[in-house]
Amino acid sequence: MNTQLLLIQVFNGLVNGAFYALLSLGLAVIFGMLRIVNFAHGALYMLGAFTAFALGQALGLGFWPSLVIAPVLVGLLGAVLERTLLSRLYGLEPSYNLLLTFGLTLLTQDLVKQVMLSRFAVSSAPYTPPEALSGVVNLGFVVFPKYRLFVIALSLVICVLTWFVIEKTRVGAVIRASTENPAVTRAFGIDVGRWVTGVFAVGVGLAGLAGVLAAPIYSVEPYMGAELIITTFAVVVIGGLGSILGSVITGFAVGVLAAVGAAIYPPIANTLVFILMAAVLLVRPSGLFGLPEGAR
Amino acid sequence: MKTTTMTALLAAALCAAPGALAQTLTGGSIKVGVLTDLSGVYSELSGQGSVKAAQMAVDDFMKANKAYAGKISVVGVDHQNKADVAGNKAAEMIDRQGVDVLLDLPTSSAALSASAVAKGKKIPVMVVTGGTTALTNESCNKYTFHYAYDNYMLANGTGTAVTKRGGSSWYIIYPNYAFGQDLNRQMTAAIQENGGKLAAPSDATPFPNTDFSSYLLKAQSVRPKIFGTMQAGNDLVNVVKQYNEFGLKKQGIGLGIGLLFETDVAALGQDAFAGAIATVPWFWNYDARSRQWSAKFEAAFGKKPTWAQAGVYSATMTYLQAVARAKSDDGDAVVRALEGYSFDDMFARHATIRPQDHRVLLDVHTVMVKAKADAKETGDLFTRLQTIPAAKAFMPLSESKCKM
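Residues numbered from 1 in each chain as written. Chains lettered and ligands numbered in written order. Predicted model: local features only at pLDDT ≥ 70, side-chain atom pairs only at ≥ 80, totals over all residues. Heavy atoms only, no water.

Under an unreviewed UniProt entry, the name given to chain B is Branched-chain amino acid transport system substrate-binding protein, and the organism recorded is Deinococcus metalli. The UniProt entry for chain B carries the following comment under Sequence similarities (unreviewed entry): "Belongs to the leucine-binding protein family." (UniProt positions renumbered as here; feature names shortened; annotations may be inferred.)

An unreviewed UniProt entry annotates chain A as Branched-chain amino acid ABC transporter permease of Deinococcus metalli. For the record of chain A, the UniProt heading Subcellular location (unreviewed entry) holds the text "Cell membrane". Taken from UniProt, the Sequence similarities (unreviewed entry) comment for chain A reads in full: "Belongs to the binding-protein-dependent transport system permease family. LivHM subfamily."

Below, the structure written as structure tokens:
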């Protein structure tokens, strides 16, 4: 394989990596703080894309306002779900929240499909990138869509920002404290329940944001999150459950590796990430950046 | 004594007369089974619309043939595009619900499976939405008829038209399963027969798949005249979306599509498809007859018909007329009435049912998708480039591997 093709695939991989990173970041924040394995993450990602599409259809809102409004709406829905349903399962086995979030996924997919069919007469809808980002740029070695470069850049910014807030700020310290030792944190006069809700909302808001970013690249359809979420879980496992830095780095790395791997040997495209996961788990059962069980 | 005999005979004859028809129909009625995708990826292009189309055919037939009034009903069943489900449902529909014919059958694997089951039970099958040529080749059987289209017709129509219009070099991608592999083979053959060539070997893509960017980047570096995609349904929508995103059209690389349904164009907006060439057996605004029927369908269903749904209407009507000719719904009798039959209706023009392999031959059209600005009315999607006559549109009998 020549260098040009390799470079092309690296770029290509970074785009997919950006989606993996944003989604696994949300999963890591939620799992790390709340110990919830959120299987509904893919459906919430789809809901982000669908909300952007629906806002455009109903209110004529373009991409830019939707990029802010849709994740906020998805985040608010997340807060409602956490308050009304998930909060009732804390302290129970993790399989309960897995079942609940899986059920929510099926429900959301079918609801969106019904709405799409009855309101828009299609179950797969077009969404175009904003004027300023449509078209392609010549990078010398490849002609690449501007919009995809934007996705890589924005996703990097969001990931760094999230990591910074959680690891380096006072807000982050409170969040970490409320999840690691709720009793003591409560004793300091902090409303732990509200913080937990907030963290969940931000986590699913990130999924919503990834959804809006995906809408101009993939068609908006009810099952768009279903396939992606499986790869994302693999990314989370490789990176180490709950590790924020791990999920971001692994997200981008897996995207690039899968793209380069697919260029060298196409049939491996869909399985490479799982081969990688198996290999990593053999060597480091807690993932590349995860802490061993005892250290938690 | 003589008078009583005569009276008895007369009475018997009088009693028998209205019942004569009922006696030749098993169970005294005909049940039309639409085995289709009611919930999945093909539910928009077939699904409930196909069930509605079959119902319309039944109603029209009963109105024109009073003897059958009230004796024909339609049942729609979901096969989820899965071969095993399709086989089970086909058996259940025939054995438990007393279905006399199976219709529609999107997804090649599901069509093949249901066809094999129905063959064992001697029930006619009219495949409208399934595409594989295996149905009239190695997997053909006495009870299966292939209506509307198949992969050979698509490849022959589009490959020839595009190559002749200057699309002399192609790069093709296809979904890696029976339908895609078959269509890629047929398309490549059609291109080469017309003096075209492949700019690079065809690539198999995972199925289903959302991200086609690496193939589009490859197309950029290979620079073919035509980027050919054999993807269907939602995968096709993604390919075409990304084809536009990567600006291939502006770079002078045209788009050739293996299988196109009206619903795909609706999903992405017709501008994204504008200029793409495909082959279809029918479209709603082809002529006055197709228009008239489509207006009726739209009034009843709320949407314009796809060519698959129009095909289901036509296939149902063709089946019922064969029952009328055979004066029986017995599978063998209906098959005899269908074989070699020539007809012409709102969907199938200059149509003949080839007795040797049960391929339904009909005129098909190579079309180019119009830009939105060129559309004269809602849903005006296609400019007709040419009509391929029934005799030339499908695989010649000499190439068929069918042994019935």
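What follows picks up the thread again.
**Student:** Provide a residue-level description of the pattern of salt bridges, including the pertinent values.
**Tutor:** Side chains bearing opposite charge may pair, as long as their charged atoms lie close to each other. By the definition in use, this model includes 16 salt bridges over all chains. Residue Arg148(A) pairs with Glu245(B) through a salt bridge whose shortest N-O separation is 2.8 Å. In this pair, Arg148(A) is assigned in helix α5 (residues 146-168) and Glu245(B) in helix α8 (residues 233-245), connecting two distinct chains. The residue Lys142(B) makes a salt bridge to Asp332(B) at a minimum N-O spacing of 2.6 Å. With Lys142(B) in the loop between β4 (125-127) and β5 (144-146) and Asp332(B) in helix α13 (residues 331-338), this pair connects stretches of sequence that are 190 residues apart. A single network of salt bridges, built from pairs that share partners, joins Arg148(A), Asp211(B) and Glu245(B). (Salt bridge = Lys/Arg side-chain N within 4 Å of Asp/Glu carboxyl O. Helix = DSSP H or I, 4+ residues; strand = E, 2+ residues; numbered from the N terminus.)

**Student:** Before we move on, could you go through the interface of chain A and chain B and cite the residues and values that matter?
**Tutor:** On the chain B side, the residues contacting the 28 residues of chain A number 26 residues. Around 2200 Å² of area is buried between chain A and chain B when both sides are counted, 47% of it from carbon and sulfur atoms. Sorting the residues of chain A by area buried against chain B places Pro126(A), Arg148(A) and Tyr218(A) first, and these three jointly supply 18% of that buried surface. Taken together, the links from chain A to chain B amount to 2 salt bridges. On inspection of chain A and its partner chain B, the count reaches 11 residue pairs in polar contact (both at pLDDT 80 or more). Going through the elements one at a time, α1 (3-34), α4 (94-120), β2 (143-145) and α5 of chain A are the ones with two or more residues in the side of chain A that touches chain B. Per-element accounting of the side of chain A that touches chain B gives the leading share, 4 residues, to α1(A). (Contact = heavy atoms within 4.5 Å. Buried area = accessible area lost by both parts, 1.4 Å probe. Polar contact = N/O pair within 3.5 Å; in protein donor to acceptor, adjacent residues only side chain to side chain.)

**Student:** Which residues make up the state of the cysteines, and what values go with them?
**Tutor:** Residues and elements named next belong to chain B. Applying the stated criterion across every chain yields a total of 1 disulfide over all chains. The disulfide partner of Cys140 is Cys402, and the S-S distance across this bridge is 2.0 Å. Between Cys140 and Cys402, the S-S torsion sits near 85 degrees, and that sign places the bridge as right-handed. One end of the pair, Cys140, is in the loop between β4 and β5; the other, Cys402, is in the segment after α14 (390-393), and 262 residues separate them in sequence. Each of the two residues, Cys140 as well as Cys402, counts as buried. (Disulfide = S-S within 2.5 Å. Buried < 20%, exposed > 50% of the residue type's maximum accessible area, 1.4 Å probe, protein only.)

**Student:** I'd like a description of the sheet that holds strand β2 (residues 72-78) of chain B, backed by residues and values.
**Tutor:** Residue and element names in this part refer to chain B. In spatial order, the strands read β2-β1-β3-β4-β5; together these 5 strands make up an open sheet with parallel pairing. Of all the strands in the sheet, just β2 and β5 have a single pairing partner and so form its edges. The average undirected angle you get between the axes of adjacent strands in this sheet is 20 degrees. Bridge count for strand β3 (residues 101-104) against β4 is 3 bridges, and the pairing is parallel. Among the inter-strand pairings, Leu103 is bridged to a residue of β4, identified as Met126. Contacting β1 (30-36), β2 and β3, helix α3 (residues 83-95) crosses the sheet at an angle of about 170 degrees to β1. Helix-sheet contacts for helix α4 (residues 108-120) involve β1, β3, β4 and β5, and the interaxial angle to β4 is about 165 degrees. (Pairing = 2+ DSSP bridges. Axes fitted to C-alpha atoms, helices over the stretch in contact; angles between N-to-C directions.)

**Student:** Can you explain the pairing of strand β10 (residues 254-257) of chain B? Please cite residues and give values.
**Tutor:** All names here are of chain B. Direction of pairing for strand β9 (residues 226-229) relative to β10: parallel, over a ladder of 4 bridges. Pairing of Ile226 across the sheet is with Gly254, part of β10. In this fold, β9 hands off to α8, which returns the chain to β10; that crossover is right-handed. (Right-handed = clockwise from strand over helix to strand, strands pointing away.)

**Student:** Describe in detail α4(B), supporting the description with residues and values.
**Tutor:** All names here are of chain B. Here α4 contains 13 residues, and its C-alpha end-to-end distance of 19 Å stays within 8% of the 18 Å for a straight helix at 1.5 Å per residue. Residues Ser108, Ala110, Ala111, Ser113, Ala114, Ser115 and Ala118 constitute the buried set of α4. In the core, the buried residues of α4 are packed alongside β1, α3, β3, β4, β5 and α6 (178-193). Remark: Lys122 follows α4 within two positions and exhibits a positive phi of approximately 55 degrees. (Expected span 1.5 Å × (residues − 1).)

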